[in-house]
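# Commentary on secondary and tertiary structure
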Amino acid sequence: MPFLRGLSKARFDSARDQKHLGFTLVELVVVIVLAGALASATVTSFFEDKAFKGRIVEDGALAFLRSAQLASFNQEALTVRFEKNAANVVLSVRVDSSVVVSRSFPLAESSITAGAVGSGTSCSEISSTINLSFNGVAEIESVDSDGFPVCVNGRQSVCISPAGFAHPGACL
């Protein structure tokens, strides 16, 4: 074959290797489509502002209630008070009727509802002041056996058990 005599084996091998140096158009299109699908799924979660702020409120309420329980050990007459005003839900810890610490949660960021003392595990609007009284061994007085729910954005987010322990999730 006279036309192949001019090609050395090295030149033929390098020509074959150059043929496989890039990606095909189909491979590039598939990668772009997959990257676009992943980006659209993750970008929408960044713009779910209400869900993000709701999670911050859940964590803040849980931390506040746990610190109240710790403060109630060996201390009589400690009360956690839930109050709602026009712009905030205010949680406060009171000892002998004086406020020790309080935390406000803006209603613009999330909707906080709570159960009524001794009325099961459903949440309703905080229409009046709710007081949870802890005894000297950090147990809640006047709570039914299921616990006291705190709901954020319509779902049970925090439960305070009758033993006084605040945990994430629904009451049983």
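Structure's up top.
Note that the structure is a prediction, hence the values are computed from the model and not measured.

Taken in spatial order, the five strands make up an open sheet running β3-β2-β1-β5-β6, and their pairing is antiparallel. Strands with a single pairing partner mark the edges of an open sheet, and in this sheet they are β3 (98-106) and β6 (140-141). Relative to β3, strand β2 (residues 88-95) runs antiparallel, the two sharing eight bridges. Residue Val93 lies in a different strand from β3, and its bridge partner there is Val101. With respect to the sheet, helix α4 (residues 49-72) is in contact with β1 (78-84), β2, β3 and β5 (130-134), its orientation differing from that of β3 by roughly 170 degrees.

Turning our attention to the pairing of β1. Taken residue by residue, a regular strand's side chains alternate between the two faces of the sheet. Bridge count between β1 and β2: seven bridges; the pairing is antiparallel. Note on β2: the bridge partner recorded for Leu78 is Val95. In textbook terms, the turn of a hairpin is the stretch between consecutive antiparallel strands, and for β1 and β2 this stretch comprises three residues. Bridge analysis of β1 against β5 gives five bridges, and the strand direction is antiparallel.

Rules of the game
- Residues numbered from 1 in each chain as written.
- Predicted model: local features only at pLDDT ≥ 70, side-chain atom pairs only at ≥ 80, totals over all residues.
- Heavy atoms only, no water.
- Pairing = 2+ DSSP bridges.
- Helix = DSSP H or I, 4+ residues; strand = E, 2+ residues; numbered from the N terminus.
- Contact = heavy atoms within 4.5 Å.
- Axes fitted to C-alpha atoms, helices over the stretch in contact; angles between N-to-C directions.

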